[in-house]
Amino acid sequence: MRFEILRLDDIDGTPVDSTVVDAASVNRIVQQAAAIGQRIWIRPAETSAS
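This structure is a prediction, so every number in the text was calculated from the model and none was measured.

Below, the discussion takes up the overall build of the chain. Counting its secondary structure elements, the chain contains 1 helix and 3 strands. Principal-axis analysis of the C-alpha atoms gives the chain an extent of 40 × 20 × 10 Å. For the chain, buried positions account for 22% of its 50 residues. Taking the average place of the 5 positive charges on the side chains of the chain and the average place of its 7 negative ones, the gap between the two points comes to 5 Å.

On to the pairing of strand 2 (residues 15–22), then. Bridge count for strand 1 (residues 2–8) against strand 2 is 7 bridges, and the pairing is antiparallel. Residue pairing for strand 2: Ile5 is matched across the bridge by Thr19. Connecting the antiparallel pair strand 1 and strand 2 is a turn made up of 6 residues, with Gly13 showing a positive phi of about 80 degrees.

This part is about the sheet that holds strand 3 (residues 40–44). One open sheet accounts for 3 strands, arranged 2-1-3; its pairing is antiparallel. Only two strands of the sheet have a single neighbouring strand rather than two, namely strand 2 and strand 3. With direction set aside, neighbouring strand axes in the sheet form an average angle of 25 degrees. Sitting on the sheet, helix 1 (residues 23–36) is in contact with strand 1, strand 2 and strand 3, with an inclination near 140 degrees to strand 2.

Rules used in this analysis
Residues numbered from 1 in each chain as written. Predicted model: local features only at pLDDT ≥ 70, side-chain atom pairs only at ≥ 80, totals over all residues. Heavy atoms only, no water. Helix = DSSP H or I, 4+ residues; strand = E, 2+ residues; numbered from the N terminus. Buried < 20%, exposed > 50% of the residue type's maximum accessible area, 1.4 Å probe, protein only. Lys, Arg positive; Asp, Glu negative; His and termini not counted. Charge placed at Lys NZ, Arg CZ, Asp CG, Glu CD. Pairing = 2+ DSSP bridges. Axes fitted to C-alpha atoms, helices over the stretch in contact; angles between N-to-C directions. Contact = heavy atoms within 4.5 Å.

In short, geometric facts, not functional conclusions.
This is the structure in structure tokens:
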């Protein structure tokens with residue numbers, strides 16, 4: 001499963017940028033964000049029908 005991780009603005013919480021990662025990478029990214037106090041939002045990535 002893939003997840004979209006959005007980095008949020010420190011002031012108003014609006015999304016600043018995003019990346020799509022696999023499930024194995026989510027924990028590492030959460031740990032990094034927690035270490036620096038970064039606000040993130042994680043949600044399942046949209047899948048495109050092919």
